[in-house]
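# Fold and contact review
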Amino acid sequence: MILALMMGAALAGGELPPKRERAMLAEAQHIYRGAGNRLWPGFAKVPLDLVLIGPKRETLFCHRAVKGFASAGRDPLTKCSLQIRPRELDIGLSAAADFFSGGETIAIGYPEALEMSAAYWKAMVLHEAFHLYQSHMPNYARTVEALGLSAGSSDGSWMLNYPFPYADPGVGAAFLTMGNAALAFLDAKSPQERRSATNAYVTAREAALAKVSPADRRYYEFQVGQEGVARWTELTLARQGDAAMRNDSAGRWSGLATSLRAVRDQGLKVWKRSALYVYGAIEAEMLEQAGVNWREEYRRHPFGLGDQLKRLN
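Think of each chain on its own: its residues are numbered from 1, step by step along the sequence as written. Only residues with pLDDT of 70 or above have their local features reported here, since the model is predicted, and side-chain atom pairs are shown and tallied only from 80 upward, although totals for entire chains, interfaces and linings are computed over all residues. With hydrogens and water excluded, all non-hydrogen atoms of the structure serve as input to the side-chain values.

### A closer look at the overall build of the protein
Only DSSP runs of H or I reaching four residues or more are called helices, and only runs of E reaching two or more are called strands; each is numbered from the N terminus. Across its full length, the protein carries 14 helices and six strands. Atoms counted for the radius of gyration: C-alpha only. Globule rule: 2.2 Å times the number of residues to the power 0.38. Its C-alpha atoms give the protein a radius of gyration of 21 Å, within 12% of the compact-globule value 20 Å for 313 residues. On the principal axes, the C-alpha backbone points of the protein span a range of 65 × 45 × 35 Å. For each residue, the accessible area found with a 1.4 Å probe, counting protein chains only, is set against the maximum for its type, and the residue is called buried under 20%, exposed over 50%, and partly exposed in between. Put simply, the protein has 313 residues, and 50% of those count as buried. At a minimum sequence separation of 6, the contacts of the protein that also span at least 24 residues come to 66%. For the purpose of counting charges, residues Lys and Arg are taken to be positive, whereas Asp and Glu are taken to be negative. His and the chain ends are not included. Taken as the charge centre is NZ of Lys, CZ of Arg, CG of Asp or CD of Glu, depending on the residue. Charge separation in the protein, taken as the distance between the mean sites of 37 positive and 32 negative side-chain charges, equals 3 Å. Note on contacts: a residue pair is in contact if any heavy atoms of the two residues lie within 4.5 Å.

The following block contains the structure:
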């Protein structure tokens, strides 16, 4: 009773996020614990470990106690324990990282701060929740370390700043061929057309990655496995949401083709790693459409999409 009164006082005082944002988080939580767990076994066990960044305050959901935050009871919508503090993080964040010691946490600003619709914002929470799921997969951290790409970085900045040869004309031309095959896959009207486009894509993919160093190839496999599969998961799970989320998801599935055409027109040197998100999402869909049990192998070998695709040929 005392806790309930404290919670009511906190809500009345405006210290906690508005009900709208908490309800949106509860919707995303419901999707990944239901449809997400059917798609990725064990997803339901991942807590909504998230810091919601408001204009003046930050609210931690489902997180162990962190110094500097004050306990604020339990949210009846997400069923999460809550902690609050004055805002310290960038309100424009949408990421999962080790913001607080002890493992990855999602950090995300309000939809208005990110200039996102409610549907898109909830899909972004699903995207970042999948990153938490990845971080809980057996040996995931060791697998990332074994790539040997960090160059001594301990903060993960190499994931953003790795010097992949985006501006190399030969690499750009080879990725253009990949992109054309990916467009053919997205435009396919029959299983036979999809298989043919997938085979052409795999051939073009091997030719493109033959033009880069072994380390560059490992970086490509990392990004398509890390971010591309997260994009695919976000789009797939958004189909399980309300009408607005389903419509948004349909538009952004179509947007993959639009992005490929933009990469073709503007060049890999402009899109850089953002292009790899698109390729990775399409590679995951190729494996899904092929009907193979690729997600089970992904849990053991998250950076092996290329090996799985080659077995389709």
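### Some details on the sheet that holds strand E4 (residues 81-86)
Pairing within the open sheet is mixed, and its six strands lie in the order E3-E4-E2-E1-E6-E5. Among the strands making up the open sheet, the edge pair consists of strand E3 (70-74) and strand E5 (94-100). Taken pair by pair, the neighbouring strands of this sheet meet at an average axis angle of 30°, ignoring direction. For two strands to pair, DSSP has to find at least two bridges joining them. Sheet topology places E3 next to E4; three bridges connect them, and they run antiparallel. Among the inter-strand pairings, Ser71 is bridged to a residue of E4, identified as Gln83. Where helices are involved, their axes are fitted lines through C-alpha atoms of the stretch in contact, as for all axes, and angles between N-to-C directions lie from 0 to 180°. Where helix H4 (residues 118-135) meets the sheet, its contacts fall on strand E1 (50-53), E5 and strand E6 (103-109), and the angle it forms with E6 comes to roughly 170°.

### Some words on the packing of helix H8 (residues 191-209) against helix H9 (residues 214-238)
In the contact formed by H8 and H9, the axes pass within 10 Å of each other and the chain directions differ by 135°. Taken together, the axes of H8 and H9 lie oblique to each other. Contacts between H8 and H9 involve Tyr201, Arg205, Glu206 and Leu209 on the former and, on the latter, Arg217, Tyr220, Glu221 and Val224. Looking at side-chain class alone, the contact of H8 with H9 contains four nonpolar, no polar and four charged residues. These descriptions rest on fixed angle ranges, namely under 35 degrees for roughly parallel, over 145 for roughly antiparallel, 65 to 115 for roughly perpendicular, and the rest for oblique. Residue classes follow a fixed rule: Ala, Val, Leu, Ile, Met, Phe, Trp, Tyr, Cys and Pro count as nonpolar, while Asp, Glu, Lys and Arg count as charged, and any other residue, Gly among them, counts as polar.

### Notes on the state of the cysteines
Throughout, a disulfide means two cysteine sulfur atoms within 2.5 Å of one another. Within the structure shown, the criterion is met by one disulfide. The disulfide partner of Cys62 is Cys80, and the S-S distance across this bridge is 1.8 Å. Looking along the S-S bond of the Cys62-Cys80 disulfide, the torsion reads about -85°, which is the left-handed sense. Taken together, the residues span a long stretch of sequence, with Cys62 in the loop between strand E2 (57-61) and E3 and Cys80 in the loop between E3 and E4 at a distance of 18 residues.

### A short note on unusual backbone geometry
If you check the backbone angles, Lys79 has positive phi at about 65° while not being a glycine. Within the fold, Lys79 resides in the loop between E3 and E4. The phi torsion at Glu115 lies on the positive side, around 55°, for a residue other than glycine. Within the secondary structure, Glu115 sits in the loop between helix H3 (111-114) and H4.

### Notes on the packing of helix H7 (residues 169-187) against helix H10 (residues 243-266)
Running from amino to carboxyl end, H7 crosses H10 at an angle of 155°, the nearest separation of the two axes being 10 Å. On the basis of their axis angle, the class for H7 and H10 is roughly antiparallel. Crossing of H7 against H10: the hand is left-handed. Contacts between H7 and H10 involve Leu176, Gly179, Asn180, Ala182, Leu183, Leu186 and Asp187 from the former and Leu256, Ala257, Leu260, Arg261 and Arg264 from the latter. In terms of residue class, the contact of H7 with H10 is built from seven nonpolar, two polar and three charged. Left-handed describes a crossing in which the near helix is turned anticlockwise from the far one by less than a right angle; the clockwise case is right-handed.

### Details of the layout of surface pockets
Taking a probe equal in size to a water molecule and rolling it over the atoms shows the remaining empty space. With a 1 Å grid laid over protein atoms only, a set of points is called a cavity when a 1.4 Å probe fits there but cannot get out and a pocket when it is open yet has protein on both sides within 12 Å along at least five of seven lines; lining residues have an atom within 4 Å of a point. Grid points are joined across faces, edges and corners, and a volume is the space filled by probe spheres set on the points. Considered as a void within the structure, the second largest pocket measures approximately 160 Å³ in volume. Lining of the second largest pocket is provided by Pro191, Arg194, Arg195, Thr198, Asn199, Met286, Gln289, Ala290 and Leu312. Of all the elements in the fold, those that place two or more residues in the lining of the second largest pocket are H8 and helix H12 (273-290). Ranked by residues supplied to the lining of the second largest pocket, first place goes to H8 with five residues. In terms of residue class, the lining of the second largest pocket is built from four nonpolar, three polar and two charged.

### Here's the deal with the pattern of salt bridges
Between Lys or Arg on one side and Asp or Glu on the other, a salt bridge is scored when a side-chain nitrogen of the former is within 4 Å of a carboxyl oxygen of the latter. Counted according to the given criterion, the structure contains 19 salt bridges. Taken together, the shared-partner salt bridges connect Arg231, Glu234, Asp248 and Arg252 into one network.

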